[in-house]
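Coordinates in review
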Amino acid sequence: MTIQKIPLFVNLERKKETEIINSTIPVIIVKLHNDLTSPLETMSQSSLSVPPSTQRSISMESSGSSYMDCKSTVSSESEEEDMDYYYKEEGSVGQKICPVLEKDMEKLVELYGEAAISYRLLDAIDEIDIQINLPLSSIIDASVAEAWKLNKEEPLSVCLHLSYTNYLDIPSPPKVEVFQTSRNEKNGISSQMKKVMETFVFHQWPKNSNRMIDEYHKRHEIVINQVSDEEAALMIEDKDLARIMEIGFSAEQARDALILSRGDFLEAINNLFANKDSLQSETSSTKKEDKKVKELRTTERQSSVPHENRKKKKIFRQISHGSAATRKSHELSETADLYLKPSSTWFGKNSKRIPEPEFGFLVQIFQYSRQRLPTLNEYCVVCDEPHVFQNGAMLKPAVCSRELCIFAFQTLGVMSDAAEDIATGAEVVDLLLTMTKAASKHSRRNIIFDPYPTVVDPSDPNELALNPKHKDYDAVDKILKHVMSMEQMTALSSGDIKKTLDSKNKLCYPLLQWIITSNRSHIVKLTPERRIPFMKTPFQYLLLSSPPAKEAAFREAKDKYGSTFAFHGSAVENWHSIIRQGLIVASGTSKQVNGAAYGKGIYLSPNAGTSFGYSRMYASGGGKKKENRSERFLRGDNNTLFCIALCEVITWPQLKKSGQIWVCPESDYVCTRFFFVYEEATGHENIDTQQKQYNEAILKALK
Ligand SMILES: [Zn+2]
């Protein structure tokens, strides 16, 4: 393969050089720089001569006049400022904002509230920076936000730099940025999201035009004069229409369903889901539903409204049906976001579905970014194609196993900030290294050392030095023997670490990098204050691995059945695979070690001692006594490490309890929460999560 640089995205990255690798990868890959991630507020305090008064949320009541305010302030103040700083086209100051843009902004506010948009007008350079704000609290769970390093209380902003006079009628797509205002440090999710949105805008831009979007808006405009008062009171809301479309139905289907249900949102949704099979095969025009729609449309036409108005915003229903239903759908809109999780739509996992531009380009951007966000972990950070998972998605976004992506990621550093963002900390790298070492030298490594590393040869960037298609376990083992312990590494300066590793074996550093970036779980070593005291080890970690969809399904089941805590013990060599692929129902597969005496499922125990048995603590003779030493890193010799996870499990009827052994047949109903490592056997037989004092301590630690 060849890798070349093409200056394709020049106008997106105004100042910095952009690297693109060849086009065989389906999505254009942009090497991302940590540029301009500073929020609008701070940007305005820089040399940009824009008065703070131009930054504000657009408000429905005063949107018209606020534009006027902006323009007058900008033009009067900018005369005093150093205007030569900018290239200024003659007559650009005071030019009128594009009416389509104005309508797009209003539509976004109407459908998703004032908080959904803020903007800044750079009158002198005909630019408007539109910030589309995604409310995270309704999209992802707290644990996911934490693992993704996002502040859940604050929206994630997608910022577009647009021409405010020509809006969509500019040949080159606008520059896109994604950030959280309060977070200045690099954030992997923002980088991935930026690339996703850049690609989306790049592809959608040529398809949209001011004229086309204007036609959509006109269809939605109310023709109040043609509607009698009685009828006007009972109209279909654009909001309902937009929400149904977001679930995955077309504008036409949504409209038809709302007509049928006479504007009742819930009924419309139910009908659509009940008839989704018939809707999918739209050709069958003889369907009863279709007939009903036609009938309704006929009545509608008779009611003195011109034929083309059936496409318009308001469709009438009978007054007796009215206000209660309208109120109901309004109340519902508070929680409606829960409907919109892509994983719960009937289109399933396809979060790459392109929303129709029915409500304008900005709404389209809002909808697409909101539907992509919760499933970013399911797509490769480089090529944006779905990961091929063995056991369902994991929590952390990662590079897929396609060779092109591995090359792009390892040799060009494409998206490296997205996956390496881990900022894992030496203690966690230590744990990861320990797990991989244990797997690579184990006698069952051909089964349990999975995934096998994919590492590009540093001396020949077109070749893989370690390739899962040609596994060489001895080679990996040999390289890992040269990787020094984290204790030794932290004694060196950061520059010396790579140098020292390279001098031992040129593959040490790339392999270490792979071990770090291929981890798909969120692992954080707990500080002494956060540890669970009765677990009696300094090696305690937060271990989260459920992706947003699983966490949401888990929460739903928890509301229904409740949950409790239980331990899962497994030998140290098995965790290399578990943190990358999740706990799986291994019974009956080659990964099964401990038998399935109690049936198929994930084995758990409320009793720590029982789980220690599964971690082989007692079989191995209990480990060596260790001398007094720092509690920061694990001992290099990992033959005697014992690992157990503390999991939250749904207490549903199918959770089979046979004394101290519990078997959960559904892997979605077990979520790891904590992880404990021991260097020697310790007596924990009495720890029982079902006892009040232990349960309370666990709940406290989870907060
Ligand atoms: Zn990929």
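- Looking at an unreviewed UniProt entry, the chain carries the name Poly [ADP-ribose] polymerase, with the source organism given as Mytilus galloprovincialis.

Here we look at the overall build of the chain
- Within the chain, the regular secondary structure consists of 26 helices and 15 strands.
- When each of the 703 residues of the chain is scored for burial, the buried share is 55%.
- Long-range pairs, those at least 24 residues apart, make up 73% of the contacts in the chain between residues at least 6 apart in sequence.
- About 30,600 Å² of surface is accessible on the chain, with carbon and sulfur atoms providing 51% of the total.

Remarks on the pattern of salt bridges
- Inspection of every chain in the model, using the stated rule, returns 21 salt bridges.
- With a shortest N-O distance of 2.5 Å, D129 and R120 are connected by a salt bridge. With respect to burial, D129 and R120 carry one shared label: buried.
- Ionic pairing is found between R673 and E648, a salt bridge with its closest N-O pair at 3.0 Å. Within this pair, whereas R673 is found in strand β15 (residues 670–678), its partner E648 is found in strand β12 (residues 642–650), the two being separated by 25 residues in sequence. A single burial state applies to R673 and to E648, both of which are buried.
- One salt-bridge network, held together by shared partners, links R219, E252, R255 and E358.

Focus on the sheet that holds strand β11 (residues 602–604)
- The strand order across the open sheet formed by 3 strands is β11-β14-β13, and the pairing between neighbours is antiparallel. Two strands bound the open sheet, and with one partner strand each, they are β11 and β13 (656–658). Pairs of neighbouring strands in the sheet enclose a mean axial angle of 25°, with direction left out of account.
- Relative to strand β14 (residues 661–664), β11 runs antiparallel, the two being bridged by 3 bridges.

Let's talk about the sheet that holds strand β8 (residues 522–525)
- Taken in spatial order, the 5 strands of this open sheet run β8-β9-β15-β12-β10, and their pairing is antiparallel. Each having just a single partner strand, β8 and β10 (563–569) make up the two edges of the open sheet. Each strand axis lies, on average, 20° off the axis of its neighbour in the sheet, ignoring direction.
- This element, helix α17 (residues 426–440), spans β8, β9 (540–544) and β15 of the sheet and lies at about 120° to β8.

Regarding the environment of P461
- Here P461 shows up in the loop between β6 (455–456) and β7 (464–466).
- A relative accessible area of 41% places P461 in the partly exposed class.
- Considered as a pair, P461 and A408 are 53 residues apart in the sequence and their alpha carbons are 9.8 Å apart.

Notes on the packing of α17 against helix α22 (residues 508–517)
- The geometry of α17 relative to α22 is characterised by a closest axis approach of 10 Å and an angle of 105° between their N-to-C directions. When the interaxial angle is binned, α17 and α22 end up roughly perpendicular. Residues V429, L432, L433 and T436 of α17 pack against L512, I515 and I516 of α22.
- For the contact of α17 with α22, the per-class residue count stands at 6 nonpolar, 1 polar and no charged.

Comments concerning the nonpolar core
- Grouped together as the largest cluster of nonpolar side chains are 88 residues, with contacts concentrated most on L101, I128, I130 and L362.
- By residue number, the principal contributor to this core is helix α3 (residues 99–112), which donates 7 residues.
- Look past the residues within four positions of I130 in its chain and what remains in contact with it is L101, M105, I117, S118, Y119, V158, C159, L160, L162 and L362.

Concerning the packing of helix α8 (residues 238–247) against helix α10 (residues 265–274)
- At a closest axis distance of 11 Å, the pairing of α8 and α10 adopts a crossing angle of 25°. As summarised for this structure, α8 and α10 are arranged roughly parallel, according to the angle between their axes. Considering the relative orientation of α8 and α10, their crossing is right-handed. Residues D240, R243, I244 and I247 of α8 lie in contact with α10, whose contacting residues are F265, A268, I269, L272 and F273.
- Of the residues assigned to the contact of α8 with α10, the class counts are 7 nonpolar, no polar and 2 charged.

Quick notes on the rules
Residues numbered from 1 in each chain as written. Predicted model: local features only at pLDDT ≥ 70, side-chain atom pairs only at ≥ 80, totals over all residues. Heavy atoms only, no water. Helix = DSSP H or I, 4+ residues; strand = E, 2+ residues; numbered from the N terminus. Buried < 20%, exposed > 50% of the residue type's maximum accessible area, 1.4 Å probe, protein only. Contact = heavy atoms within 4.5 Å. Areas by Shrake-Rupley, 256 points an atom, 1.4 Å probe, with all protein chains shown as cover. Salt bridge = Lys/Arg side-chain N within 4 Å of Asp/Glu carboxyl O. Pairing = 2+ DSSP bridges. Axes fitted to C-alpha atoms, helices over the stretch in contact; angles between N-to-C directions. Parallel < 35°, antiparallel > 145°, perpendicular 65-115°, else oblique. Nonpolar A, V, L, I, M, F, W, Y, C, P; charged D, E, K, R; others polar. Core = buried A, V, L, I, M, F, W, Y, C linked by side-chain atoms within 4.5 Å. Left-handed = near helix turned anticlockwise from the far one by under 90°.

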